Amino acid sequence: MDGTGGGAYLRIRHLTKKFGDFVALRDVSLDVHEGEFVCFLGPSGCGKTTLLRAIAGLDIQTVGTIHQAGVDISSLPPSERDFGIVFQSYALFPNLTVARNVGYGLESQKMARAEIDKRVSELLGLVDLDDQRDKYPAQLSGGQQQRVALARALATSPGLLLLDEPLSALDAKVRVHLRQEIKQLQEKIGVTTIMVTHDQEEALAMADRIVVMNQGFIEQISTPNDVYAKPVSPFVAEFIGTTNFIDGVMTADGRISAAGVTIEAGGDNTAFTAGDKVTICVRPEDVLVTETADGRNGSFEVTVSDVEFLGSFHRCHVTPTRGNGTGFMADLSANHARNLRLEEGRTLNVLLPPAFVRVYASGETE
Amino acid sequence: MTDSAATTTAPASAPTIKPKVSSEDWIMRAVLVGIALYLIVSILLPLYAILSKSFKDVDGAFVGVANYAKFFSTPALFWSIQNSLTVTLICCVIVVPVAFLYAYALTRTCMPFKGFFKGVALIPILMPSLLPAIALVYLFGNQGLIKSWLFGYEIYGPIGIVMGESFYVFPHVLTILLISMANSDARLYEASTALGASRIKTFFTVTLPSVRYGLVSAFFVCFTLVITDFGVPKVVGGKYNVLATDIYKQVIGRQDFEMGAVVSMVLLLPAVLAFAADRVVQRKQVALLSARAVPFQPQRNPATDGLMFAFCGVVGFILISILGVAAFASFAKFWPYDLSLVLNHYNFDLMDGGGWDSYFNSIELAAWTAVIGTALVFTGAYLVEKSNGFLAGRAGLQLLCMVPMAVPGLVLGLAYVFFFNAPGNPLGFLYHTMPILVICTVTHFYTVAHLTAVTALKQMDAEFEAVSASLKVPFYRTFFRITVPVCLPAILDISMYLFVNAMTTVSAVVFLYSPDTSLASVAILNMDDAGDIAPAAAMGMMIVITAAAVRLLHAILTRGILARTQAWRKR
Amino acid sequence: MKPKLVSKFSLGIAATMAAVMMSAGVVQAKTDLLVYTAVEADELKKFKKAFEADYPDVNIKWVRDSTGIITSKLLAEKENPKADIVWGVAATSLLLLSEHNYFQGYAPKGVEKLDKKYYDTKNNPPLWVGQRAWIASICFNTVEGKKNSLPMPQTWNDLTKPVYKGHVIMPNPNSSGTGFLDVSSWIQMKGEKKAWAYMDALHTNIARYTHSGSKPCKLAAKGEIPIGVSFAYRGAKSKNQGAPLEVIAPAEGVGWDLEAFGIVRNTKNLEAARALADWSVTEKANKIYNEEYAVVAMPGVAKPVKNFPPGIESKMIKNDFQWAAANRIRILDEWRKRYDGKSEPKS
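What you see is a predicted model; the values in this text were computed from it and never measured.

> Describe the overall build of chain A, with residues and values.
Assigned secondary structure in chain A consists of nine helices and 20 strands. In terms of its C-alpha atoms, chain A occupies a principal-axis envelope of roughly 80 × 45 × 35 Å. Burial statistics for chain A: of 366 residues in total, 55% are counted as buried. The contacts in chain A between residues at least 6 apart in sequence include a share of 65% that link residues at least 24 apart. When the accessible surface of chain A is summed, it comes to about 15,100 Å², and 48% of that surface belongs to carbon and sulfur atoms. Computed over 34 positive and 47 negative side-chain charges, the inter-centroid distance for chain A is 4 Å.

> Before we move on, could you go through the pattern of salt bridges and cite the residues and values that matter?
A side chain with one charge can pair with a side chain of the opposite charge if their charged atoms come near. Residue and element names in this part refer to chain C. Tallied over the full model, the rule gives 44 salt bridges over all chains. E144 is paired through a salt bridge with K147; the nearest N and O atoms lie 3.4 Å apart. Pair noted here: E144 and K147 are both in helix 5 (residues 142–147), with a separation of three residues, about one helical turn. According to the relative accessible area criterion, E144 is buried, its value standing at 5%. Within this structure, E43, K46, R132, E259, E291 and E292 form a network of salt bridges that share partners.

> Give a description of the confidence of the model for chain A that names residues and reports values.
Residue and element names in this part refer to chain A. The share of residues in chain A with pLDDT of 70 or more is 97%, and the mean pLDDT across the chain is 89. Strand 3 (residues 37–41) holds the highest mean pLDDT among the elements of chain A, 96, whereas strand 13 (residues 261–263) holds the lowest, 85. When the criterion is pLDDT under 50, residues 1–5 qualifies, and its contacts beyond four places in sequence or with other chains add up to 17 contacts.

> A description of the arrangement of the chains should follow, citing residues and the corresponding values.
Summarising the chain contacts, two pairs of chains touch, and the pair with the most contacts is chains B and C. At their nearest point, the C-alpha atoms of chain A and chain C are still 46 Å apart, with no contact between the two.

> Describe a nonpolar patch on the surface, with residues and values.
Together, I27, V31, Y476 and F480 of chain B give the surface a local cluster of nonpolar side chains, amounting to about 380 Å² of exposed area. Put simply, the parts of the chain that give the nonpolar patch at least two residues each are helix 1 (23–51) and helix 21 (475–486) of chain B.

> Quick one: what's the story with the nonpolar core, residue by residue and with numbers?
L51 and I55 of chain A, Y102 of chain B together with W87 and M199 of chain C are the most contacted members of the largest nonpolar core, which totals 340 residues. Considering every element that reaches this core, the biggest residue donor is helix 3 (residues 75–108) of chain B, with 12 residues. Dropping the residues within four chain positions of it, L51 of chain A is found in contact with I12, L15, L25, V28, L30, F40 and M213 of chain A. Core analysis: the next-biggest nonpolar cluster, separate from the first, contains 43 residues, Y90, I116, L150 and V212 of chain A among them.

> Report on the environment of I206 of chain C, specifying residues and quantitative values.
For I206 of chain C, the location among the structural elements is in strand 7 (residues 206–210). Apart from the residues lying within four places of it in its own chain, the contact partners of I206 of chain C are K239 of chain B together with V168 and M170 of chain C.

> An account of the interface of chain C and chain B is needed here, citing residue identities and associated values.
Chain C puts 68 residues into the contact, and the matching count from chain B is 62 residues. Together chain C and chain B conceal approximately 5,500 Å² of surface at their shared face, both sides included; 52% is due to carbon and sulfur atoms. Broken down residue by residue, the surface that chain C buries against chain B is led by H211, K222 and E224 of chain C, which jointly contribute 13%. One salt bridge in this structure joins D516 of chain B and K61 of chain C, with 2.1 Å as the shortest N-O distance. For the interface between chain C and chain B, the tally reads 23 residue pairs in polar contact (both at pLDDT 80 or more). Ranked by residues supplied to the side of chain C that touches chain B, first place goes to helix 3 (residues 67–76) of chain C with seven residues.

> Mind laying out the state of the cysteines, listing which residues take part and the relevant values?
Scanning all chains against the criterion turns up one disulfide over all chains. What pairs with C139 of chain C in a disulfide is C217 of chain C, and their sulfur atoms sit 2.0 Å apart. Disulfide C139 of chain C-C217 of chain C: the torsion about the S-S bond is -85 degrees, which places it as left-handed. Pair noted here: C139 of chain C is in strand 5 (residues 129–141) and C217 of chain C is in helix 8 (residues 215–221), with a separation of 78 residues, a long-range link. Assigned by exposure class, C139 of chain C and C217 of chain C land together as buried. Left unpaired, C91 of chain B is separated from the closest cysteine sulfur, that of C222 of chain B, by 5.2 Å. On the accessibility criterion, C91 of chain B (0% relative accessible area) is buried. As a non-bridged cysteine, C222 of chain B has C92 of chain B as the owner of its nearest cysteine sulfur, 3.2 Å distant.

The rules behind these values
Residues numbered from 1 in each chain as written. Chains lettered and ligands numbered in written order. Predicted model: local features only at pLDDT ≥ 70, side-chain atom pairs only at ≥ 80, totals over all residues. Heavy atoms only, no water. Helix = DSSP H or I, 4+ residues; strand = E, 2+ residues; numbered from the N terminus. Buried < 20%, exposed > 50% of the residue type's maximum accessible area, 1.4 Å probe, protein only. Contact = heavy atoms within 4.5 Å. Areas by Shrake-Rupley, 256 points an atom, 1.4 Å probe, with all protein chains shown as cover. Lys, Arg positive; Asp, Glu negative; His and termini not counted. Charge placed at Lys NZ, Arg CZ, Asp CG, Glu CD. Salt bridge = Lys/Arg side-chain N within 4 Å of Asp/Glu carboxyl O. pLDDT = per-residue confidence, 0-100. Patch = residues over 30% accessible without salt bridge, like charges linked within 9 Å, V, L, I, M, F, W, Y side chains within 5 Å. Core = buried A, V, L, I, M, F, W, Y, C linked by side-chain atoms within 4.5 Å. Buried area = accessible area lost by both parts, 1.4 Å probe. Polar contact = N/O pair within 3.5 Å; in protein donor to acceptor, adjacent residues only side chain to side chain. Disulfide = S-S within 2.5 Å.

Written out as structure tokens, the structure is:
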């Protein structure tokens with residue numbers, strides 16, 4: 001998929017949004033393809049909601065253009081754009097029943113009563129709420145309200161579905177269930193969807209592509225797999241999943257001296273020269289832990305300083321035995337941990353596989 | 001598959017996007033400008049007509065600040081500033097906490113007889129200002145029934161002013177606090193309880209912060225109403241001069257409009273300062289309530305409920321006694337020397353002051369004021385809160401809406417004479433008609449009604465309009481289908497407020513009524529002038545009864561509406 | 001500014017209204033006469049009835065308010081007066097209004113029969129004509145007097161005696177015409193210096209000053225205070241209603257003012273206004289004035305009024321309205337400086 005392809009359904013170019021002196025979006029460009037499910041992911045204040053609201057026309061950008069289906073919608077008010085939206089608050093009309101909420105947008109389209117009813121039934125069937133049609137929003141559970149809001153947003157068959165943190169107000173179980181449902185629904189209808197979330201798990205599970213944002217910038221646009229496996233910056237690496245950051249210095253042979261040991265990194269690191277200060281990243285689950293060196297190249301001895309039991313796996317904190325005291329984390333499956341008789345103070349052998357070690361220029365971390 | 005952020009070269013200086021204004025936005029702006037124009041004509045221009053006199057001499061020649069120099073060199077006038085501030089602040093310090101606790105009891109406890117207490121709290125609004133004045137004198141005057149309770153102090157002076165004003169502003173302050181407390185988020189309370197916070201801690205960490213906005217508004221309203229009211233200090237002020245009575249003395253006693261205008265300007269200052277402070281605090285206000293908020297259902301707590309019941313009982317008793325004494329005054333044959341009860345004070349056609357005609361005129365005025373005023377106020381508040389862009393226009397309207405409160409009725413009434421009766425004013429045909437009375441009354445009570453509407457609107461989900469726009473539903477449809485029904489209780493409150501005030505107001509309309517539009521409230525004044533205190537009290541009681549009847553109707557209506565749509569308010 | 005335009009406009013309205021009335025057919029073409037008055041409302045009905053019996057073509061429409069408010073209203077309307085005639089309003093107010101060219105001169109038929117001191121003899125035809133006098137008096141509550149063992153005061157000077165300390169109320173001249181009438185009469189009787197010395201002494205006895213001129217007597221009637229400096233009509237009326245009052249006309253002499261009328265300069269109902277003016281100087285009218293007031297403009301008509309202090313007419317001072325009007329603001333300022341300066345009572 002090419003992010004800047006000409007066939008993009010939604011084409012965003014050089015978007016900047018200022019609120020007074022505060023710059024909420026900085027030169028953001030992005031393409032979204034028809035039928036795609038894209039997540040805007042980032043910490044609060046990163047600009048993801050601002051970007052969504054600019055797309056909806058609710059807070060129009062200061063500079064930059066947005067094209068939807070080939071039409072320049074940059075300056076159009078929301079009522080002249082083509083989208084359905086679900087807010088974190090759902091914004092269900094409290095004085096209308098479920099059915100009337102869903103049919104609200106249809107009623108002003110001069111559609112026949114019977115036709116509206118048919119469409120409403122169809123939508124309620126889609127979100128599995130046929131039996132709730134005459135209830136008021138306050139009589140529904142949070143998850144149900146959520147689905148009403150979704151049905152309402154889809155009622156007018158918009159070309160674009162915008163979801164603003166739609167799941168964050170729900171409790172964990174409902175959330176997991178609902179995110180599958182939304183994803184399935186989206187695939188079924190094929191509506192181009194943009195969802196704002198601060199929950200990386202949600203983004204990883206639902207999105208075709210993830211747009212990671214930070215301080216008004218886009219850090220990375222990739223598939224969930226790539227965002228996880230090949231974060232382009234320490235920020236992305238840290239924000240998504242758990243990562244070890246170890247400060248080090250580039251050596252003449254292209255390896256890195258860090259934590260008192262020498263580590264080999266895969267990938268192309270020709271941008272660095274010897275003596276450059278760098279940060280290496282490696283995810284705890286990629287750290288290979290064995291009882292002995294076993295003749296493995298590049299492995300080193302560590303001491304276990306702490307063990308956390310996290311259900312399906314153990315996270316241990318280890319420090320290179322002949323290192324400078326800097327430690328890092330390694331995740332071990334329960335099974336593996338048992339075999340290694342994992343416990344505090346134990347000496348083990350560790351290998352950081354070069355393919356999973358990524359190198360960033362130092363200071364990029366924050 | 002990895003693609004970094006799409007980076008084509010950014011144009012050197014990209015043009016700033018100018019949001020397109022939709023036809024709906026134009027409609028909203030046009031209506032907003034229309035309401036702003038109404039307020040400009042009904043408050044700003046008349047005010048200018050009178051306040052510009054503060055820079056002129058009696059012949060209309062410009063004299064700069066000479067009148068102000070005279071004001072500040074006249075100790076009698078100058079002292080009044082300090083007096084006004086003193087009684088006003090004391091009053092606020094008493095009323096705001098009392099009203100707050102009362103509102104708290106009504107909304108956050110399971111105290112019994114809540115409906116009764118809610119009704120009782122509105123007694124002062126129902127009473128034309130003469131009635132509480134009579135009651136205070138009958139209670140604490142030199143012949144007063146419980147004069148000894150003052151421990152030898154005199155009712156005539158700051159004590160009387162504070163007592164009278166506290167009575168008068170209590171329901172106004174309470175209304176604002178009630179609305180800001182009405183829809184609180186139960187989840188905050190649940191969280192607080194779950195965290196093991198005590199009731200007192202919950203109060204300080206959840207209750208208080210969530211009504212900050214309401215508290216500030218309540219204080220603002222209290223301050224401004226008290227400092228501009230002249231009814232109470234006129235009757236029980238004694239030698240204690242305040243700014244509002246000074247205006248009366250200047251304008252009515254000395255016919256010195258120029259100096260009256262100076263005092264009015266001085267009086268505007270504290271009101272403007274209070275307004276500015278209110279704005280600053282509100283800017284920091286963030287929407288605490290969202291549509292996800294779960295309506296709070298108070299839990300039974302015998303100790304708190306009992307305590308609050310006792311508290312409301314005491315406040316309610318005071319309010320009822322004042323009404324009771326006023327009612328007694330309307331029956332007593334000749335107070336204090338012949339206390340036998342007679343009915344003949346209610347035979348108004350034998351009395352002067354317009355008899356029953358003025359009573360029906362008052363009802364007509366009140367009805368028009370309620371209908372037109374509510375429509376105007378709520379639409380205005382809606383546009384200020386919910387329209388898109390046009391920030392300058394919205395801020396301007398918001399500011400305009402605040403002006404009427406700072407203007408004493410007396411000044412407003414005279415200002416209308418100067419403005420509408422000026423030769424050549426194309427609106428001159430309104431003078432001496434019912435419409436001008438309606439305009440004047442709507443404008444006079446605009447601010448509190450506006451604040452009430454804004455408070456109610458602020459509690460609606462901010463995204464309703466966005467959702468409607470995305471569904472291509474025109475804003476006016478959502479306004480009538482969603483906004484109005486959801487805010488109906490507040491809308492009924494506003495219309496009630498306007499109706500009752502139109503029945504009882506005197507200070508502004510006394511300059512504007514004509515023989516064909518004589519009013520009951522003015523008739524009361526005239527009867528009191530003629531020494532017919534008992535008939536005056538009787539006519540006052542008629543107003544109370546009418547207002548109470550309308551209030552009851554309002555309660556039934558509200559209950560009916562709530563019952564019909566109860567489902568969506570219940571959890 | 002644009003009187004032509006306005007009058008055309010009003011004419012248009014008048015024409016329309018006339019047409020409406022004619023088409024209605026039932027209503028007779030009566031002239032509505034807009035009368036601004038300060039006469040207490042209970043008397044207005046009988047005046048209207050009596051006048052309209054003599055002039056069936058005219059329909060009086062009252063705008064009634066207390067003297068202060070009606071005067072302010074009239075002044076505020078001065079650029080574009082609405083009233084046809086100002087009737088039963090203090091002569092002092094009429095003088096003030098005539099400074100703003102409010103009235104047109106008119107000599108009602110029979111005005112010469114009135115006592116010269118009761119109408120405007122400086123202008124011919126007169127701008128204003130008096131109807132009846134209201135006279136300063138002291139209202140003394142006998143019940144409260146006994147309770148506090150106060151002797152009944154007979155003179156103005158009596159009121160400065162220490163025994164009355166805190167038991168006297170009078171109107172504030174800065175807000176009440178009656179208050180000014182008292183102050184003005186004391187100055188006219190005693191001369192400036194003595195009068196102020198008297199008021200200094202009186203001030204120490206005054207419990208408080210009221211905003212309205214009738215209030216002191218009303219308060220005395222209700223026993224709120226034993227002694228109220230007010231006017232005789234109010235005292236007599238309260239006494240008639242059953243209040244334990246004595247109305248006293250102090251021996252030194254009493255100040256007074258007139259209820260008077262003047263025809264507004266731009267009235268569109270001149271004929272009707274003149275009709276009311278003519279009627280108001282008749283013996284019939286004077287007899288009605290006399291029902292409540294002891295002193296009326298036409299000599300020889302007045303009969304004693306129940307509960308008025310006997311012989312009060314002889315105690316009326318020689319009141320110089322022009323002097324009072326000319327010195328009003330100066331006196332009021334001086335009074336305010338002396339007695340209205342601080343919130344707390346000086347005593």
